[in-house]
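Secondary and tertiary structure notes
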Amino acid sequence: MRRIKRTTRRVGALAVLGFLLTMGVTPAQAGPVNFEKETHFRCYTISTQTPQPAQTVTLSDEFLQNVTLTIDEPLQFCAPTSKNGLPILAPEEHLTMYGAAAELTPHLRVFTQDQFGPRTLEAVGARVLLVPTQKLVGGLGFPTRLNHYWCYDVTGAPVDTTVTLADQFGSDTVQVEQPEYFCNPVEKVHNGVTTRIKERQVHLTCYDIKAPQRTEATSLGVMNQFESDAFTITSWDILCEPAQKLGFEPIS
């Protein structure tokens, strides 16, 4: 069940979309994404955390440019997960989800591919920002090679398949259902510091997952560019798959 508020705010006319309207579908990105070697993430709802002052960021990706937003409380914590027994190659890579809504006009048709196959998605607006985060236990360092991601609310055909996920919080066999978000690598400006994109070709597609839920709460210390905090997480919500964007076009 989606827990993110769908409020958006209008942004000005954007040169990138004007370019799309004249040029149509973007060309495929250079170089394939190795889905087995990139990190998969299972995202857990943050039930308690320390309130933080709202912060301002400016975001630019392939769909929207130079959008200034206010970021406040964290929503979900995303842990690296093994899918169907594959190893976790970068156990330090975690992400924290924050609300980051912006209107996308016109909507976009996005052509993408992941381990579930080729997909056609309709992106209707930006919703959340995923921020690289260090988990402050277990001797793991900060994830220096991990992108920030700006994620767009999408619709598309459900996957309707079963996978087994195993991470530091447990192992579950889950049903993968409809796509929830498509996430672009994003450049972020915060407090005058620009964080550039690390791996431009690596995107994420996040899917709703269903199965009996865990009931125990887990607390952990975290640190990212916005905060150092202690999160308490409970139930999981979505699976974010590494994906490759093959192209996109405006929907008239």
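Residues numbered from 1 in each chain as written. Predicted model: local features only at pLDDT ≥ 70, side-chain atom pairs only at ≥ 80, totals over all residues. Heavy atoms only, no water.

Within the chain, the regular secondary structure consists of one helix and 14 strands. Taking the intrachain contacts of the chain between residues at least 6 apart in sequence as the baseline, contacts between residues at least 24 apart amount to 77%. By element, 53% of the accessible surface of the chain is carried by carbon and sulfur atoms, the whole surface being about 10,700 Å². (Helix = DSSP H or I, 4+ residues; strand = E, 2+ residues; numbered from the N terminus. Contact = heavy atoms within 4.5 Å. Areas by Shrake-Rupley, 256 points an atom, 1.4 Å probe, with all protein chains shown as cover.)

Let us now look at the sheet that holds strand S3 (residues 67-71). Taken in spatial order, the four strands line up as S3-S2-S10-S11 in an open sheet, and their pairing is antiparallel. Either end of the sheet is taken by a strand with one partner, and the two such strands are S3 and strand S11 (193-195). Pairwise comparison of adjacent strand axes, ignoring direction, gives a mean angle of 30° for this sheet. Note: strand S10 (residues 187-190) against S11, three bridges, orientation antiparallel. Residue pairing in the sheet places His 190 in a bridge with Val 193 of S11. (Pairing = 2+ DSSP bridges. Axes fitted to C-alpha atoms, helices over the stretch in contact; angles between N-to-C directions.)

Counting 26 residues, the largest nonpolar core has Phe 63, Leu 64, Leu 69, Leu 129, Trp 150 and Tyr 152 as its most contacted members. With six residues, strand S5 (residues 94-114) is the largest single contributor of residues to this core. Within the second largest apolar cluster, 19 residues are counted, among which are Phe 35, Phe 41, Leu 95 and Val 202. (Core = buried A, V, L, I, M, F, W, Y, C linked by side-chain atoms within 4.5 Å. Buried < 20%, exposed > 50% of the residue type's maximum accessible area, 1.4 Å probe, protein only.)

This part covers a nonpolar patch on the surface. The grouping of Leu 136, Phe 142 and Met 223 at the surface amounts to a nonpolar patch, some 240 Å² of accessible area in total. Among the secondary structure elements, Phe 142 is positioned in the loop between strand S6 (117-135) and strand S7 (149-155). Of the residues examined, Phe 142 reaches a relative accessible area of 32% and is grouped as partly exposed. (Patch = residues over 30% accessible without salt bridge, like charges linked within 9 Å, V, L, I, M, F, W, Y side chains within 5 Å. Salt bridge = Lys/Arg side-chain N within 4 Å of Asp/Glu carboxyl O.)

Two measures describe an aromatic ring pair: the distance that separates the ring centres and the angle between the ring planes. In this structure the tally under the stated criterion is seven aromatic pairs. A centroid spacing of 6.3 Å and a plane angle of 70° characterise the contact between Phe 77 and Phe 231, whose relative ring orientation is edge-to-face. Linking Phe 77 in strand S4 (residues 74-83) with Phe 231 in strand S14 (residues 228-250), this pair joins segments that are 154 residues apart in sequence. Phe 231 sits in the buried class, given a relative accessible area of 0%. Members of the aromatic cluster, each reached through a chain of ring pairs, are Phe 63, Trp 150, Tyr 152 and Phe 248. One Lys or Arg, Lys 83, reaches over the ring of Phe 116 and ends 4.5 Å from the middle of that ring. (Phe/Tyr/Trp six-rings, centres within 6.5 Å; stacked < 30°, edge-to-face > 60°. Lys NZ or Arg CZ within 6 Å of the ring centre and 35° of its normal.)

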